[in-house]
Amino acid sequence: MPGEDPLLAGRAVTGGCNDSTGGVGVSWPPSILSRATAGLLPAMTGFAAPMMPVLAHAQQGARATQAFGTFEIIQGAVFAGVLGAALLSAVWLIRERGKVARENVELRGQLADLGASLHRSDALLNLRDQRIVAWSSDSRRPELLGSLPGETGAPDDRGAFLAFGRWLAPRSAAALEHGLIGLRERGIDFDLTVETQCGAPLEVQGRKSARHVFVRFVSLSEVQRSQARLKLENQRLAAQYDLMIGLIDALKMPFWLRAPDGRLKWVNRSYAEAVEAPSQVAAVEDGREFLGTQAREGIAQQHLASAVFEEKLATVIGGDRRVFAITDFASRDGSAGIAVDLSDVEGVREEYERTVRSHADTLDQLTTAVATFDTGEKLRFFNQAFQKLWDLDQGFLDSAPDNALLLDRLRSEGKLAEQPEWRRWKETVLSAYRSVEPQEHWWHLPDGRTIRVIANPQPKGGVTWVFENLTEKFALESRYNAAVRVQGETLDNLAEGVAVFGPDGRLRLSNPAFAGLWGLNHENLQRDTHIAAIRAECDRLALDSPWGSFAASVTGFDEERRDRHGQVELRNGTVLRYGVIHLPNGQVMITFVDVTDSVNVERALKDKNEALQKADQLKNDFVQHVSYELRSPLTNIIGFTDLLLLPGPGAGPLTPRQREYIDHIGSSSSVLLTIVNDILDLATVDAGIMELDMGEVPVERTIAAAVELISERLREHGIELRLESLQAPKSFNGDENRVRQILFNLLSNAANYAPEGSTITLSCGMVRGDIEFAVHDDGPGMPPEVLDTVFQRFESHPNGGRRRGAGLGLSIVKSFVELHGGSVAIDTGDGRGTTVICRFPLVPSGVRVAAE
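Presented here is an overview of the structure given in this document. Since this is a predicted model, take the numbers as computed values, not measurements. (Residues numbered from 1 in each chain as written. Predicted model: local features only at pLDDT ≥ 70, side-chain atom pairs only at ≥ 80, totals over all residues. Heavy atoms only, no water.)

**Topic: the pattern of salt bridges**
We count it as follows: Definition used for salt bridges: Asp or Glu carboxyl oxygen within 4 Å of a side-chain nitrogen of Lys or Arg. Counting from the N terminus, the helices are the DSSP runs of H or I reaching at least four residues and the strands are the DSSP runs of E reaching at least two.
With the rule as written, the count across this model stands at 30 salt bridges. For the salt bridge of Glu351 with Arg354, the shortest nitrogen-to-oxygen distance reads 2.4 Å. Of the two residues, Glu351 and Arg354 both sit in helix α10 (residues 343–364), 3 residues apart, roughly one turn of that helix.

Following this line, the structure appears as structure tokens:
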């Protein structure tokens, strides 16, 4: 303060002393006390030094005079010295105290300035529009000062704020992390404009001092925000522009940019290569055009009406004429265009169209039905075999129906077999559109055809369906297998020796008789054995071996292929007659017959004739004998069984079990009698002595009699019988008993296979001048292998029947019908039951009639 004593201004510090003059207590600062003490010692030392001669002189005077006392002199001298030193020290202390007071005033001013500066800094740091993150050099946790407005999306929480990637946009967070790494590790300052996930721009400044790293986030004003947004948008657009230019420049398609006046501004590498320019800049500077003048004028004319031009144009590239798809867009600031080379694509497309047409023409000539459906399950292609297979009209197929509609139509027209669950079956068929592997199905059509269906998914979607009709193949295969089996059995059981050789001279086929006639081991005669090896074995057995000529015929050394026959005698006396037959496939068949007893042929024939006559007589006698010897006991058994069942005093009452046993005896005896009758009938037919009792056969009565015989069995299984005889004649010429037996056997066979609760249909009518009886059941039908042997005797096939018989019913039917001059046919198939059809002429001819 003004006028204040500088010495008194410093009394605020510890320590104190009493003033020698006024006794006023003064508090001295420690620094002043230390300075005073340090200055007093040299002052006293300086004062004592000049006083030493005076003291010495006083001592000498004392000794000389003895007038003054020694003590008083010393005391006076010390007092004078101390007093002088005190005066000097006081002067020095006063001067130092003023100096310290002035320093205190200066320090207080500086402290006040620092406090004001600190308050200003705190106020600035705690503003709501900025936040500072400070890292110290000792790597302690960073300090956060200030805050940012809530609308920026910056979190107030310390941990959340330092996780920049959570509240900054990904691009901004990456740029900030990159800047922080450069600032903290290499001391590189940065200034960034970042964007929060809320879209608010922030200015970020990074600085580094000697001991601290500071990053300041500043919320911008509206103008600054607009500028920052523009800056960010400019950065994004610039990056996108660089990406687009880089991509366009890498494209293998010519691209160009034009100024509003039509001059080239920029082209890519493909453009420069197409116009044969050394560089892109040279192409622009030289104005080398990719398209001709007429094409460019056409594009400019088109732009007057539309901003976009799209068309295929031709131009010459490298001396070759090529076709490009040109797309050009124009605006007020110029235009941009791109050219896509379609020459190879057009060539591939034309080749593809030619291939498709060729494949379509080829498929159209196939007998296998083919249809192609696209990804939408629409019909896109079908051949003539497909139309013929399903008998569909051309208009319906040309309308491109979908696959589901096609299946529904085939079902409604009865061309597909009914399925227990139609919808599920259809979904299973159409699952081929969702499959990657081919699927195979077998369809058994109501008309008896069997179709192999192959669904082949296409790589680009859709399915190609192949329908292969295998009905004839299965029939041919069945007949072929039967023929092969018959041929094999026939050859193996022939008495003649047979050997077939190929053009290469190797054995293709032989039977055991061949090996037996020549004394060879049949097991050693392997397929492909050469004729030379067989000749070597046979030459030793024959007197005049013909095997040399056999080998010449087989290997083709004969001048002409002629069949011939001959005879050879073996050393053991056996005489063989052979035949050499050239087969159409180039093979040669050689047959051998043992004719050793040919000299006794006539006698043997006579003996055989007599034996046959005797055998025939024995057969007739046997049939007549068996007819009596078998039927009579069975008749007695059946008769006495019936007597036991009748109530009366003779046998007495029967227990239930006895009655059950007698019933079994009666039924079994009836079955046995039926079998015996059937065997006798067949034997009579085979013996040629069966005679029909021809007469007028009343149709209605005969049918009623046959139905009566089978009615109990039908009721037992709940089977209904439907008669259709409105178109039948009143009568026809035949054996009524045999016709009734035929109808009974047909109804019995149908009752055996018809499901319980089903209906058997017996129809009769006129067909092409003949009377036709037909019996139909809804049983499982007959497979082809059963159908081939159904008329053979003792061939019994359960095939779902209730009981297995002797296998004579249909054999008797066929024999009796043919005796009447008629025929038997069977119509059967899986899922449509079995129908046996018997046709009788109204007036049989050539029938052996029983004598009256």
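The rest of the description comes next.
**Remarks on the pairing of strand β18 (residues 497–501)**
Rule in force here: Each residue gets one of three labels from its accessible area relative to the maximum for its type: buried under 20%, exposed over 50%, partly exposed in between, using a 1.4 Å probe on protein chains only. In this analysis, strands are considered paired if DSSP registers two or more bridges between them.
Of all 5 residues in β18, 5 are buried, a share of seventy percent or more. The alternating pattern of β18 places Gly497, Ala499 and Phe501 and Val498 and Val500 on opposite faces, both of which are buried. Judged from the 5 bridges that link them, β18 and strand β22 (residues 588–594) form a sheet pairing that is antiparallel. Counterpart to Ala499 in the pairing with β22 is Ile590. Looking at chain direction, β18 and strand β19 (residues 507–510) are connected through 3 bridges and run antiparallel.

**Focus: the sheet that holds strand β9 (residues 264–267)**
Inclusion rule: As a rule, the C-alpha atoms of each element are fitted with a line to give its axis, helices using only the stretch in contact, and angles between N-to-C directions run from 0 to 180 degrees. We call two residues in contact whenever any of their non-hydrogen atoms come within 4.5 Å of each other.
With antiparallel pairing, 5 strands are arranged side by side in an open sheet as β9-β8-β12-β11-β10. What marks the edges here is a single partner per strand, and that holds for β9 and β10 (308–317). Going from strand to strand, the sheet's axes swing by 25° on average, the running direction of each strand aside. Sheet topology places strand β8 (residues 255–258) next to strand β12 (residues 334–341); 4 bridges connect them, and they run antiparallel. Along β12, the bridge assignment pairs Trp256 with Gly337. In the packing of helix α9 (residues 293–303) onto the sheet, contacts are made with β8, β10 and β11 (320–331), and the angle to β10 comes to roughly 175°. Contacting β10, β11 and β12, α10 runs over the sheet at an angle of about 120° to β11.

**Re unusual backbone geometry**
Even without a glycine there, the phi angle at Glu276 is positive, about 60°. Residue position: Glu276 is located in the loop between α7 (269–274) and α8 (280–286). Not every positive phi belongs to a glycine, and Ala400 is a case in point at roughly 55°. By the secondary structure assignment, Ala400 is in the loop between α12 (394–398) and α13 (403–412).

**Considerations on the pairing of β22**
For a regular strand, the rule is simple: side chains alternate between the two faces of the sheet. Bridge count for strand β21 (residues 575–582) against β22 is 7 bridges, and the pairing is antiparallel. Across the sheet, the residue bridging to Val580 is Ile590, located in β22. Hairpin geometry of β21 and β22 is characterised by an intervening segment of 5 residues between the two adjacent antiparallel strands and by a positive phi of about 90° at Gly586.

**Remarks on the packing of aromatic side chains**
Applied cut-off: Here a Phe, Tyr or Trp ring, Trp counted by its six-membered ring, pairs with any other such ring whose centre lies within 6.5 Å, and the pair is stacked when the planes are under 30 degrees apart, edge-to-face when over 60, and tilted otherwise. Only when the NZ atom of a Lys or the CZ atom of an Arg is both within 6 Å of the ring centre and within 35 degrees of the ring normal do we say a charge sits over the ring.
Applying the stated criterion across every chain, the model contains 31 aromatic pairs. An angle of 40° between the planes, with centres 6.0 Å apart, marks the rings of Tyr271 and Phe290 as tilted. With Tyr271 in helix α7 and Phe290 in the loop between α8 and α9, this residue pair connects regions lying 19 residues apart in the sequence. In terms of burial, Tyr271 and Phe290 fall into one category: buried. Ring geometry for Tyr433 against Trp465: centres 6.4 Å apart, planes inclined by 55°, an arrangement best described as tilted. Here Tyr433, found in the loop between α14 (422–430) and β15 (439–444), pairs with Trp465, found in strand β17 (residues 463–469); they are 32 residues apart in sequence, far enough to count as distant. Note on accessibility: Tyr433 and Trp465 belong to one class, buried. The cationic tip of Arg131 hangs over the ring face of Phe161; the distance from NZ or CZ to the ring centre is 4.7 Å.

**Considerations on the nonpolar core**
We count it as follows: The definition of a nonpolar core used throughout is a set of buried Ala, Val, Leu, Ile, Met, Phe, Trp, Tyr and Cys residues joined through side-chain atoms within 4.5 Å.
In terms of nonpolar packing, the biggest core is built from 39 residues, with Ile760 and Phe773 touching the most fellow members. Elements supplying a minimum of two residues to this core: α22 (699–716), α23 (736–753), β26 (759–767), β27 (770–777), α25 (809–819), β28 (823–828) and β29 (834–841). Element by element, the count of residues in this core is highest for α23, at 7 residues. Counting residues in each nonpolar core, the second largest holds 30 residues, with Phe386, Leu392, Leu410 and Phe467 among its members.

**Focus on the sheet that holds strand β16 (residues 450–457)**
Spatial ordering of the open sheet is given by β14-β13-β17-β16-β15, a layout of 5 strands whose pairing is antiparallel. The open sheet has two edge strands, β14 (379–382) and β15, and neither has a second partner. Looking at each pair of strands side by side, their axes are set apart by 20° on average, direction ignored. The pairing of strand β13 (residues 369–373) with β17 spans 5 bridges and is classified as antiparallel. The residue bridging Ala371 from the neighbouring strand is Trp465, located in β17.

**Here's the deal with the packing of helix α17 (residues 531–539) against helix α18 (residues 547–555)**
What counts is decided by this rule: For classification, angles of less than 35 degrees are called roughly parallel, those exceeding 145 degrees roughly antiparallel, those between 65 and 115 degrees roughly perpendicular, and all remaining angles oblique. Left-handed describes a crossing in which the near helix is turned anticlockwise from the far one by less than a right angle; the clockwise case is right-handed. Ten residues, namely Ala, Val, Leu, Ile, Met, Phe, Trp, Tyr, Cys and Pro, are considered nonpolar, four, namely Asp, Glu, Lys and Arg, are considered charged, and the remaining ones, Gly among them, are considered polar.
Running from N to C, α17 and α18 point in directions that differ by 170°, and their axes come no closer than 10 Å. Our classification of the angle between α17 and α18 gives roughly antiparallel. Considering the relative orientation of α17 and α18, their crossing is right-handed. Where α17 abuts α18, its residues Ile531, Ile534, Arg535, Cys538 and Asp539 lie against Trp547, Gly548, Phe550, Ala551 and Val554. Class assignment for the residues of the contact of α17 with α18 results in 7 nonpolar, 1 polar and 2 charged.

**Things to note about the packing of α13 against α14**
Running from N to C, α13 and α14 cross one another at 135°; their axes reach a closest spacing of 11 Å. It follows from the interaxial angle that α13 and α14 lie oblique. Between α13 and α14 lies a crossing of right-handed hand. Packed against α13, whose contacting residues are Asn403, Ala404, Leu407, Asp408 and Arg411, the element α14 presents Trp422, Lys426, Val429 and Leu430 at the interface. A class-by-class count of the residues in the contact of α13 with α14 yields 5 nonpolar, 1 polar and 3 charged.

**Regarding α14**
As a reminder, the rule being used: Each C-beta atom gives one direction from the helix axis, and the arc is the one those directions make.
Burial in α14 covers these residues: Trp422, Trp425, Lys426, Val429 and Leu430. Along the axis of α14, the buried positions cluster into a sector of 130°, meaning they face one direction only. The outward face of α14, more than 90 degrees from its buried face, is lined by the exposed residues Arg423 and Arg424. Those residues of α14 that are buried lie in contact with α13, β15 and β17.

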